[in-house]
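Structural description and commentary
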Amino acid sequence: MKVSTFPIFTLKDAPADAEIISHKLMIQSGMIRKLSSGQYSWLPIGLKVISKIENIIRNELNAIGCREILMPFIQPAELWKESGRWDQYGPELLRFKDRNDRDFCFGPTFEEVITDLIRNEVSSYKQLPLNLFQISTKFRDEIRPRFGVMRAREFIMKDAYSFHSNQKCLDETYDIYKLAYTNIFKKLMLDFTIVDADSGNIGGSKSNEFHVIADTGEDDLLLDESLNGMNLEIAKIKYSEDDLNKIIKKSGLIHKKGIEVGHIFKLGKKYSESMKAKITLKDSSMTNIFMGCYGIGVTRIVAAAIEQNHDDSGIVWPQSLSPFQVVLIEIDGAKNEQVRMYSQKIYNELCASNIDIIYDDRDLKMGSKIKDWELLGIPHMIIIGKKETENNNVVYKSRLSKDKKEFALDKLIEKISKS
Ligand code: ATP
Ligand code: MG
């Protein structure tokens, strides 16, 4: 990719109104732009990070036999009235009428729609278990949208749903998702923890949250030494204040802030009972379907990853999330035909080695180009000017070090491919 056809929109200064570092850096590096409160457009470089996250999620879910679908964003009120959530959900559910005066809402979550789909498709235990997921836009009319995409109104969530003919199968599957989520967050190279949580608006008997640990997190976590524990919210429901203080002292629990990036629920029969989703069992008796649901905040992960990976110059992407593996910075290529031709040759060879590379062919000073790509956090930087063209080598700089080194191209490809 060349910057002449893959535009970047970096800003000189951080926006004054952004309160946390990830929000500042996402705006300044041109990943996102605000449309209105809690709504953001994703620019090419931001969208590339999203697709990296989505691919990691897709691969792990496919590996446990969960298949992708896509459901409509706008949902009819009838289904929400059936489940009882039309009245329970509150103002976060953005409601409207169509031209025929029928009630609808923008989907904040999809238990109703998927339960409706499955009750029409599945009638026998022989068709279960079944695992489906989607990656799509959700809308919640949050009371205080803030921190950019961290707490947005419109955001991308991956939501998966599982269907079973008995509790044992649900229990086993829940543990499989827990493990798949652990693999996903490890592959995303995030520092995270799993805690017991409250089921909130979604419901069900058991739930676990996945949190990225960061001081800017909005959740309070009580963790032991190995970082296992619970959300303070649920601890307060379970124990009196006195008991809780005793437990914290006795077990030496520590208080940390977390960003909730994933949440899994054992729903049991909550939706299948209210919405009458039934199957026939082997002995010809009927049962309501047992369900689980499993969410990951895709766009929130982008912000959470930046909270954990930045320095004074900007973002420091972990390899797994970086929009590009390598940036090639050409010095004065617009003025020097030789430099342009040599840069193009190096670019072609890196592309041929399957290295995901962006070639900065803008007519800008070297200093501003380097500043932009440090802000954008690309792990490897190659610099090519007149000297390198004559010497038939390249200058290499890692995002994490100030030092520059000269390399012959084949040695460099080896180094980058290994990292
Ligand atoms: P929160 O407690 O942060 O409001 P939630 O518990 O209401 O989140 P869930 O219903 O569990 O959210 O949704 C699944 C995932 O979707 C969350 O774990 C989170 O990562 C993401 N998510 C939820 N609300 C938002 C939001 N307003 N902006 C961005 N991501 C969100
Ligand atoms: Mg949650």
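Residues numbered from 1 in each chain as written. Chains lettered and ligands numbered in written order. Predicted model: local features only at pLDDT ≥ 70, side-chain atom pairs only at ≥ 80, totals over all residues.

1. Topic: the sheet that holds strand 23 (residues 404–407)
What holds strands together in a sheet is hydrogen bonding between their backbones, with the strands either parallel or antiparallel. With mixed pairing, the five strands of this open sheet are ordered in space as 20-19-21-22-23. Looking at the sheet topology across the chains shown, the edges are occupied by strand 20 (357–360) and strand 23. Averaged over all pairs of adjacent strands, the angle between strand axes in this sheet comes to 25°, irrespective of strand direction. One ladder, built from five bridges, connects strand 19 (residues 326–330) with strand 21 (residues 380–384); its direction is parallel. Note on strand 21: the bridge partner recorded for Ile-329 is Ile-383. Relative to strand 19, helix 11 (residues 337–352) is tilted by about 170°, and along the sheet it contacts strand 19, strand 20, strand 21 and strand 22 (394–398). Sheet strands in contact with helix 14 (residues 409–418) are strand 19, strand 21, strand 22 and strand 23, and its direction is about 20° off that of strand 22. (Pairing = 2+ DSSP bridges. Helix = DSSP H or I, 4+ residues; strand = E, 2+ residues; numbered from the N terminus. Axes fitted to C-alpha atoms, helices over the stretch in contact; angles between N-to-C directions. Contact = placed C-beta atoms within 7 Å.)

2. Comments concerning the domain arrangement of the protein
Domain boundaries in the protein define domain 1 (21–311) and domain 2 (326–418). Here the C-alpha centroids of domain 1 and domain 2 sit 41 Å apart. (Domains from an automatic or database assignment.)

3. Structural notes on unusual backbone geometry
In this structure, Pro-129 follows Leu-128 across a cis peptide bond, with omega equal to 0°. Position of Pro-129 relative to the elements: it lies in the loop between helix 5 (111–121) and strand 7 (130–139). Backbone geometry places Phe-147, a non-glycine residue, at a positive phi of 60°. Tracing the backbone through its elements, the reader meets Phe-147 in the loop between strand 7 and strand 8 (154–164).

4. Focus on the site of ligand 1
Taken together, 17 residues lie near ligand 1, and Phe-155, His-263, Gly-295, Gly-297 and Arg-300 sit nearest. Mapped onto the shell around ligand 1, the elements with two or more residues apiece are strand 8, strand 13 (254–268), strand 16 (290–297) and helix 10 (298–308). No other element matches the four residues that strand 13 contributes to the shell around ligand 1. Tallied by class, the residues present in the shell around ligand 1 amount to five nonpolar, seven polar and five charged. (Near = placed C-beta within 6 Å. Nonpolar A, V, L, I, M, F, W, Y, C, P; charged D, E, K, R; others polar.)

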